[in-house]
Amino acid sequence: DGRPDLAAGLTFPPDFVFGAATAAYQIEGAVDADGRGPSIWDTFSHTPGRTFRGDTGDVAVEHYTRYRDDVALMVELGLSAYRFSVAWSRVLPEGAGRVEQRGLDFYRRLVDELLAAGVDPWLTLYHWDLPQALQEQGGWTARDTSARFADYAGIVHDALGDRVRHWSTLNEPMVSALLGHQSGEHAPGVRNPVSAARAVHHLLLGHGLATQVLRDRGADHLGVTLNFTPMTPASDRPEDVDAARRLDGQQNRMFLEPIVRGAYPADVEADLAAAGAPLPVEDGDLAVIAAPIEWLGVNYYFEQTVRAGARPADKPPTSFIGGEDVVDLDPTGPTTSMGWGVSPEAFTRLLLWLRDQAPDLPLVVTENGSAWPDEISDDGAVHDPERTDFLLRHLDAMSTAMDQGADVRGYFAWSLLDNFEWARGYEQRFGLVHVDYATQQRILKDSARVYADLLRRHRQAQEG
Ligand code: GBH
């Protein structure tokens, strides 16, 4: 097949960053260690019926105790950077107030291990694991949570600001807000459009307030990660075009535009108001949300084609406010084990769209990857041609966009390791490194070896 050729033909600018990403609740385990408080994901995963087979992050891949081994894997892969998240409830078990030094110490040890290994730490403050104590005070539906998030950002920066250069506030506020409060498929499992719209705004406000706090402490490589799902109407029929506009509005533009332009898209504001779920904007909020940042994190997995119409009974509830009359079409062509389509072309288009939307903002692909059913073969290896093919085709698609002026500075594969895939539990494997959950043994998949080869060539070109 053409994969070796594709890999060999891929070259990137000398200072281009290659890494892999994870998130605290998906890998750490040790949920009771060192005074950690519960988060909404502990509560949610322990509620019967919420996750696949009742899986939880209680043990996950034991990264909390195995982090040294995992940094060694990063070195084996030749990563120049590692994107991880801090668990808010390890640092502030009640979400606010009392600081748990042992929680901060874990991240200090991790960061020191990374720095000693020559791997640049990219820290995300919030990857969906709100302290349960704050949920009980309204969570992201409460305006006060934005201020608590900024306090937490300052505490983490005081502990790690001398050694971590790249800071990201939020991972995918769209998912926290809408999957958490509209479809309810994620924690806290709420299904209420008014709550969802409030969560949208308070997450973005939290991003802005935290950005100010970090800036005041001297941080100068600040970013935020958004997920993007390119939306295409199923036909030229006006109803379908409008369905795609509405979903694109809530999935993509509602998060990007306040951050880069300081305003919500007018059509989205109107859609939400019409659904009885207005954004709770107060004077001055949008200027806070639009605080300057140095880079935009882009998570890309797949594209969607949508049409207007009643949702078939077998489709899960929509995660879009007022989206009950919109249907996402099943992907054509091969799908990953998540049921997601594969579209590197849409990745190129997305990066070019972002080039046009925010011409002066450097982009960093903070997540991209795919899940497939792994098998350990007789030779003890994990041959994952689909994941390898996905990786190389998306790197190629990114490179195509860069040739056309998209200012992409880095790429982080999702994920370093197989891990707790949220509501889908351990069934879905996104790792470059396979984890045998019975023994916690790590095995590099073929995709990891191909990525390592590419990174080795990239480093040699840098040095040569
Ligand atoms: C990322 O989320 C997460 O950051 C990461 O933790 C996770 O493990 C990884 O992806 C793999 O899932 O019509 O509302 O379903 C990606 C979440 C899920 C966001 C699909 C966009 C489609 C829109 N994406 N979603 S919806």
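Counting of residues starts from 1 at the beginning of each chain's written sequence and follows it residue by residue. In keeping with the model being predicted, local features are shown solely for residues with a pLDDT of at least 70 and side-chain atom pairs are shown and tallied solely at 80 or more, while totals for entire chains, interfaces and linings include all residues. Excluding hydrogens and water, the side-chain values take into account all heavy atoms of the structure.

The name an unreviewed UniProt entry gives the protein is Beta-glucosidase, with Blastococcus colisei as the organism. UniProt lists a comment for the protein under the heading Catalytic activity (unreviewed entry), and it reads "Hydrolysis of terminal, non-reducing beta-D-glucosyl residues with release of beta-D-glucose." UniProt positions are given in the numbering used here, feature names are shortened, and annotations may be inferred rather than shown by experiment. According to UniProt, the comment filed for the protein under the heading Sequence similarities (unreviewed entry) is "Belongs to the glycosyl hydrolase 1 family."

Draft legend 1. A look at the pattern of salt bridges. Counted as salt bridges are all cases of a side-chain nitrogen of Lys or Arg within 4 Å of a carboxyl oxygen of Asp or Glu. Inspection of the entire model under this criterion finds 41 salt bridges. The salt bridge partner of D240 is R237, with a shortest N-O separation of 3.6 Å. Looking at D240, the relative accessible area reads 2%, which means it is buried. Judged by relative accessible area, which is 40%, R237 ranks as partly exposed. Within the structure, one salt-bridge network assembled from shared partners comprises D242, R245, R246, D248, R253, D267, D271 and D325. Here's how the labels work: a residue is buried when its accessible area is under 20% of the maximum for its type, exposed when over 50%, partly exposed in between, all with a 1.4 Å probe on protein chains only.

Draft legend 2. Examining the side chain of D70 more closely. The helix count covers DSSP runs of H or I at least four residues long, the strand count covers runs of E at least two residues long, and both are numbered beginning at the N terminus. Checked against the element boundaries, D70 lands in helix α4 (residues 63-77). It only takes one pair of heavy atoms within 4.5 Å for two residues to be counted as in contact. Once residues within four sequence positions are removed from consideration, D70 is found in contact with H63, L416, L417 and R442.

Draft legend 3. Structural detail: the packing of α4 against helix α6 (residues 101-116). Where α4 meets α6, the axes come as close as 10 Å, and the angle between the chain directions of the two elements is 15°. By the criterion of interaxial angle, the relationship of α4 to α6 is roughly parallel. Handedness of the α4/α6 crossing: right-handed. Of the residues in α6, those in contact with H63, Y64, Y67, R68, V71 and M74 of α4 are R102, F106, R109, L110, E113 and L114. Every axis corresponds to a line fitted to the C-alpha atoms, with the helix fit spanning only the stretch in contact, and the corresponding angles, defined between N-to-C directions, vary from 0 to 180 degrees. Every angle not falling under 35 degrees, over 145, or within 65 to 115 is termed oblique; those three ranges are roughly parallel, roughly antiparallel and roughly perpendicular. For a crossing to be left-handed, the near helix must be turned anticlockwise from the far one by less than a right angle; the clockwise case is right-handed.

Draft legend 4. Molecular detail of the nonpolar core. Grouping buried Ala, Val, Leu, Ile, Met, Phe, Trp, Tyr and Cys residues that are joined through side-chain atoms within 4.5 Å yields what is termed a nonpolar core. The biggest cluster of nonpolar side chains holds 143 residues, and the ones touching the most others in it are L296, M398, Y411 and Y451. Ignoring sequence-local partners within four residues, the contact set of L296 consists of V224, L226, F228, L256, L354, L361, P362, L363 and V364.

Draft legend 5. Representation of the sheet that holds strand β5 (residues 222-228). Within the closed barrel, the eight strands sit side by side as β1-β2-β3-β4-β5-β7-β10-β11. Their pairing is parallel. Between one strand and the next, the sheet's axes are offset by a mean angle of 25°, whatever the strand orientation. Sheet topology note: the strand β10 (residues 363-367)/strand β11 (residues 408-414) ladder contains three bridges and is parallel. Bridging from a neighbouring strand, V365 pairs with Y411 of β11. Most of the contacts of helix α15 (residues 385-403) go to β11, to which it runs at about 165°, and overall it touches β1 (17-21), β7 (295-300), β10 and β11. Of the strands in this sheet, β1 and β11 touch helix α16 (residues 446-463), which is tilted by about 155° from β1. By definition, two strands form a pair when at least two bridges between them are found by DSSP.

Draft legend 6. Region of interest: the pairing of strand β8 (residues 304-308). Side chains Q304, V306 and A308 project from β8 onto a buried face, and the interleaved T305 and R307 project onto a face without burial. Sheet topology places strand β6 (residues 231-233) next to β8; three bridges connect them, and they run parallel. By the bridge assignment, P233 is partnered in β8 with V306. Note: β8 against strand β9 (residues 326-328), three bridges, orientation antiparallel. Counted as the bridge partner of A308 is V326 from β9.

Draft legend 7. Structural detail: the site of the ligand. Here, proximity means that at least one heavy atom of the residue falls within 4 Å of the molecule or strand. Neighbouring residues of the ligand: 23 residues in total, closest Q26, H127, S319, E421 and W422. In protein, a polar contact means a hydrogen-donor-capable atom and an acceptor-capable atom, both N or O and within 3.5 Å, with residues adjacent in sequence counting only if both atoms are side-chain atoms; elsewhere, any N or O pair within 3.5 Å suffices. One of the side-chain N or O atoms of H127 is found 2.8 Å from an oxygen atom in the ligand. Separating an oxygen atom of the ligand from a side-chain N or O atom of E421 is a distance of 2.6 Å. About the coverage of the ligand: the protein hides 90% of its 580 Å² of free accessible area. Take the shell around the ligand: its biggest share by element is three residues, from helix α9 (residues 173-181). Amino acid classes used here: Ala, Val, Leu, Ile, Met, Phe, Trp, Tyr, Cys and Pro are nonpolar; Asp, Glu, Lys and Arg are charged; the rest, including Gly, are polar. Looking at the shell around the ligand residue by residue, the class counts come to 11 nonpolar, nine polar and three charged. With residues, only the protein chains shown are counted as cover, and all accessible areas are computed by Shrake-Rupley using a 1.4 Å probe.

Draft legend 8. Local environment of the side chain of H166. For H166, the location among the structural elements is in strand β4 (residues 166-171). With relative accessibility at 9%, the residue H166 sits in the buried group. Among the polar contacts listed, one links the side chain of H166 to the side chain of D120, at a separation of 3.3 Å. Setting aside anything within four residues of it in sequence, one finds H166 in contact with D120, P121, W122, L123, H221 and W295.

Draft legend 9. Quick peek at the environment of L391. By the secondary structure assignment, L391 is in helix α15. Each C-alpha atom of the pair L391 and K445 lies 13 Å from the other, and the pair is 54 residues apart in sequence. Sequence-distant contacts of L391, that is, excluding residues within four places in its chain, are made with Y411, S447 and Y451.

Draft legend 10. Geometry of unusual backbone geometry. A cis amide bond links A187 with the next residue in sequence, P188, at an omega value of 5°. Along the chain, the position of P188 falls in the loop between α9 and α10 (193-216). A cis amide bond, omega 10°, links W414 with the succeeding residue S415. As for its position among the elements, S415 is in the loop between β11 and β12 (433-436). A positive phi is found at D34, a non-glycine position, where the angle reads about 50°. Mapped onto the elements, D34 comes out in the loop between α2 (24-27) and α3 (40-45). One non-glycine residue with positive phi stands out, namely W422, at about 50°.

Draft legend 11. Structural view of the UniProt feature "binding site: substrate" (unreviewed entry) in the protein. In the numbering used here, UniProt assigns the "binding site: substrate" (unreviewed entry) feature to Q26, H127, N171, Y301, W414, E421 and W422. With respect to the helices and strands, H127 occurs in the loop between β3 (120-126) and α7 (132-135). Setting aside residues up to four positions removed in sequence, H127 forms contacts with T22, A23, Q26, R83, S85, N171, E367, W414 and W422. Locating Y301 in the fold gives a position in the loop between β7 and β8. When sequence neighbours within four positions are dropped, the list of residues in contact with Y301 reads E172, W340, G341, E367, N368, G369, F390, W414 and F430. A distance of 2.6 Å separates the side chain of Y301 from the side chain of E367, its partner in a polar contact.

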